[in-house]
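# Observations on the three-dimensional arrangement
Read off the chains here:
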Amino acid sequence: ALVREYAGDAVQCPCCGHSFREFAPDVRGNPNRICPSCDAHQRHRLLAYWLDEELSAWSTRRVDVLHFAPEPIMEPRLRGIAREYLSTDLDAPQAMLHADIQDLPLADDAFDLVVCSHVLEHVPDDRQAMRELARVLKPGGRALILVPMDISRPDTYEDPAITEPEDRVRAFWQADHVRLYGRDAPSRMRDAGLTVLVDRYVESLPPDVVARHGMGSPGMFVCTVD
């Protein structure tokens, strides 16, 4: 019923391929956010678009993929390009490996593609987590890191004294977040040993493409290691 309600061709979801007059609002009432067909959010559509556009160079070979906090909407797409696929989370039942991103039980230089979407804002020591991402990524591979980001802030905001859920919502946008990233996010990644190839990926795309696919999330970074 929701698909029929949004019938049209003004926007297209790169996750499921369906077109609509607009995307549905999110739970907060923000318009043009959620795909009426597959429930993809702006960040999912941005990630799917990158995979479609950038992985063509890898089409002749399968890649080893590490997927943190596996979203059901992204897992089939990542499995489709993977020689070996591994999902991991601290405690999510659907994850193949239950592990702490700050201390991964994985070999060095093990993965061609690491996808870490909206995880680091939950982690006590995000710098150590970034060092772990750099450690398990193969030289020349890609780490796709997505975080909530307030581009009006020059510096990432974190305060361990903020523990109450309502205070965290005000400070960090969500009750289980421990920081809100600012424009210094790439420098934190570089300090951890990652090379940031694309800073704020969505801003590198033509505005009409961004509008057509309903892509937001300024905090998506494409990283590698030497």
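Let me begin by describing the structure that accompanies this report. Just so you know, these numbers come straight off a predicted model, no measurement behind them. (Residues numbered from 1 in each chain as written. Predicted model: local features only at pLDDT ≥ 70, side-chain atom pairs only at ≥ 80, totals over all residues. Heavy atoms only, no water.)

In this section: the side chain of E71. Within the secondary structure, E71 sits in the loop between β3 (63–68) and α3 (75–81). Although E71 is buried, it forms no salt bridge, and the closest oppositely charged side chain is R43 at an N-O distance of 5.1 Å. Not counting residues up to four positions away in its chain, the partners in contact with E71 are H44 and S117. (Helix = DSSP H or I, 4+ residues; strand = E, 2+ residues; numbered from the N terminus. Buried < 20%, exposed > 50% of the residue type's maximum accessible area, 1.4 Å probe, protein only. Lys, Arg positive; Asp, Glu negative; His and termini not counted. Salt bridge = Lys/Arg side-chain N within 4 Å of Asp/Glu carboxyl O. Contact = heavy atoms within 4.5 Å.)

Let us now look at the sheet that holds β3. Here we have 7 strands laid out as an open sheet, ordered β5-β4-β3-β6-β7-β11-β10, and mixed in their pairing. Here the strands that pair on one side only, and so sit at the sheet edges, are β5 (97–98) and β10 (195–198). Two strands pair when backbone bridges link them, and β3 and strand β6 (residues 111–117) are joined in this way by 3 bridges, in the parallel orientation. In the strand pairing of β6, L66 is matched with V114. Its contacts with the sheet put helix α2 (residues 42–54) on β6, β7 (137–146) and β11 (220–224), and the angle it makes with β7 is roughly 155°. (Pairing = 2+ DSSP bridges. Axes fitted to C-alpha atoms, helices over the stretch in contact; angles between N-to-C directions.)

With that settled, consider the layout of surface pockets. Considered as a void within the structure, the largest pocket measures approximately 800 Å³ in volume. As for the largest pocket, its lining consists of 24 residues, and the residues nearest its centre are R28, H41, R43, H118 and Q174. A total of 3 residues in the lining of the largest pocket trace back to one element, the largest contributor, which is α2. Its residues assigned to classes, the lining of the largest pocket comprises 7 nonpolar, 11 polar and 6 charged. For the second largest pocket, the calculated volume is near 300 Å³. Around the second largest pocket, the lining comprises 13 residues; the ones closest to its centre are D89, L90, V119, H122 and V123. Its residues assigned to classes, the lining of the second largest pocket shows 8 nonpolar, 3 polar and 2 charged. (1 Å grid on protein atoms, 1.4 Å probe; cavity = no way out; pocket = protein on both sides within 12 Å on 5 of 7 lines; lining within 4 Å. Points joined across faces, edges and corners; volume = space filled by probe spheres on them. Nonpolar A, V, L, I, M, F, W, Y, C, P; charged D, E, K, R; others polar.)

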